[in-house]
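# An overview of the molecular structure
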Amino acid sequence: MDTLNKDDSGSDQMPKMPEHVAIIMDGNGRWAKQKGKLRTFGHKAGVESVRASVRFARTHKITALTLFAFSSENWKRPQDEVSVLMKLFKLVLTSEVKKLHANGVRLKVVGDLSPFDPKLVQKIKDAEALTQNNTELQLNIAANYGGRWDIVNAAQSLAQQVASGKLNPEDINETSFNANTAFADLPALDLLIRTGGEKRISNFLLWQCAYSEFYFTDTLWPDFNENSFLDAVISFNERQRRFGKISEQVI
Ligand code: FPP
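Since this is a predicted model, take the numbers as computed values, not measurements.

## A closer look at the site of the ligand
Neighbouring the ligand are 19 residues; M25, D26, R30, R39 and R77 lie closest to it. Contact distances for the ligand include 2.9 Å between an oxygen atom and a side-chain N or O atom of D26. Taking G29, its main chain carries an N or O atom lying 3.1 Å from an oxygen atom of the ligand. For the ligand, whose free accessible area comes to 630 Å², the fraction covered by protein is 91%. Among the secondary structure elements, those contributing two or more residues to the shell around the ligand are α1 (28-34), α2 (39-59) and α3 (79-102). In the shell around the ligand, the residues fall into ten nonpolar, five polar and four charged.

## Side note on the packing of aromatic side chains
A complete count under the given rule lists 14 aromatic pairs for this structure. When the ring of F70 is compared with that of W75, the centres are 4.9 Å apart and the planes differ by 75 degrees; the resulting orientation is edge-to-face. Ring plane angle 90 degrees and centroid distance 6.3 Å describe the contact between F70 and F89, whose orientation is recorded as edge-to-face. Of this pair, F70 sits in strand β2 (residues 64-71) while F89 sits in helix α3, and the two are 19 residues apart along the sequence.

## A word on helix α4 (residues 118-131)
Compared with the 20 Å implied by 1.5 Å per residue over 14 residues, the 20 Å span of α4 between its first and last C-alpha is a close match. L120, V121, I124, A127, E128 and T131 are the residues of α4 that are buried. End-on view of α4: buried residues confined to an arc of 125 degrees, all on one side of the axis. Among the exposed residues of α4, those pointing more than 90 degrees away from its buried face are P118 and K119. Where the residues of α4 are buried, they touch α3 and β3 (105-110).

## What to know about unusual backbone geometry
With glycine set apart, most residues show a phi of negative sign, and most peptide bonds adopt trans. Positioned with a positive phi, N144 is a non-glycine residue whose angle comes to about 50 degrees. If you trace the backbone, N144 turns up in strand β4 (residues 137-145). With a phi close to 50 degrees, S202 is a non-glycine residue in the positive phi region.

## Considerations on the packing of α2 against α3
Close contact between α2 and α3 brings their axes to 11 Å; oriented N to C, the two are set at 25 degrees. By the angle between their axes, α2 is roughly parallel relative to α3. Where α2 crosses over α3, the two elements pack in a sense that is right-handed. On the side of α2, the interface is formed by R39, T40, H43, K44, V47, R51 and V54, while α3 contributes E81, V84, L85, L88, V92, E96, K99 and L100. Broken down by class, the residue content of the contact of α2 with α3 amounts to seven nonpolar, two polar and six charged.

## As for the nonpolar core
V21, I23, L65, L139, I193 and F229 are the most contacted members of the largest nonpolar core, which has 41 residues in total. By residue number, the principal contributor to this core is α3, which donates seven residues. Beyond its immediate sequence surroundings of up to four residues, V21 is in contact with I62, A64, L65, T66, L189, L191, I193 and F229. Judged by nonpolar contacts, the second largest core, of 15 residues, contains A64, F68, L205 and C209.

## Description of the sheet that holds β4
Taken in spatial order, the six strands line up as β3-β4-β2-β1-β5-β6 in an open sheet, and their pairing is parallel. Two strands close off the open sheet at either side, each with one partner strand: β3 and β6 (213-216). The sheet shows a mean angle of 20 degrees between the axes of neighbouring strands, taken without regard to direction. Where strand β5 (residues 191-194) lies against β6, four bridges are found, and the strand directions are parallel. Bridge pairing in β6 places I193 opposite Y215.

## Notes on the pairing of strand β1 (residues 20-24)
Here β1 lies mainly inside the structure; five of its five residues are buried. Residues H20, A22 and I24 line one face of β1 and the alternating positions V21 and I23 line the opposite face, and both faces are buried. Note that β1 and β2 share five bridges and pair parallel. Bridge pairing links A22 to T66 in β2.

Criteria and cut-off values
Residues numbered from 1 in each chain as written. Predicted model: local features only at pLDDT ≥ 70, side-chain atom pairs only at ≥ 80, totals over all residues. Heavy atoms only, no water. Near = heavy atom within 4 Å. Polar contact = N/O pair within 3.5 Å; in protein donor to acceptor, adjacent residues only side chain to side chain. Areas by Shrake-Rupley, 256 points an atom, 1.4 Å probe, with all protein chains shown as cover. Helix = DSSP H or I, 4+ residues; strand = E, 2+ residues; numbered from the N terminus. Nonpolar A, V, L, I, M, F, W, Y, C, P; charged D, E, K, R; others polar. Phe/Tyr/Trp six-rings, centres within 6.5 Å; stacked < 30°, edge-to-face > 60°. Expected span 1.5 Å × (residues − 1). Buried < 20%, exposed > 50% of the residue type's maximum accessible area, 1.4 Å probe, protein only. Arc of directions from axis to C-beta. Contact = heavy atoms within 4.5 Å. Axes fitted to C-alpha atoms, helices over the stretch in contact; angles between N-to-C directions. Parallel < 35°, antiparallel > 145°, perpendicular 65-115°, else oblique. Left-handed = near helix turned anticlockwise from the far one by under 90°. Core = buried A, V, L, I, M, F, W, Y, C linked by side-chain atoms within 4.5 Å. Pairing = 2+ DSSP bridges.

Right, here's the structure in full:
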């Protein structure tokens, strides 16, 4: 299959972009260790890869980019590391939001924010309010997010609607279930990238990845740049997405 679009002159252009890409940003700790530094040095370096990914997504008109910044299981890490990660989120929110807004990026933080410092939650709310009408890119940061949490929340919300008489149980279907998940208003997840060499989903977008393409790379997150993102998109273009059909039906 042709992976690059050709214009009228036949010259190669960018590959067709997925609409919604999610990334499990893994490998910060190992990257730092390889350099003889503390793990937190890797997290700080990882912020530059976040910038590069947002730049790539915006430049190439990807509709939505969802980044796994902190899982519901990451609280189990050493207290010092959790505390540096929280400080980093605060710092990044403070330093980057104006730039994101100027570039038309709409920011949403998805996850259970209840255990976070109220000051951090306020910063998140302010950033979301400031950027809510932007349309260049929907940037979702998954923080204290878990795929099972999302599914349980949707089930609870539907159960409450049934209990209050607003919904008939027979109207619970894939569409209404999806509408109650955290990413309801987004295009389906086309491509899930995981850096750092592991080949697992780690309780990320469980409901949303039913028909996503997966791209695993050994590149550690702080080394992931715009060219790495392009490699992932090229690989995505080489896949034949059949959604249960046979090859001849989708060509
Ligand atoms: C996984 O690497 C990375 C994280 C748990 C944190 C990701 C955070 C950032 C990239 C910085 C801030 C981002 C935003 C969006 C503000 P790891 O620590 O599991 O690496 P390892 O597998 O090598 O130990």
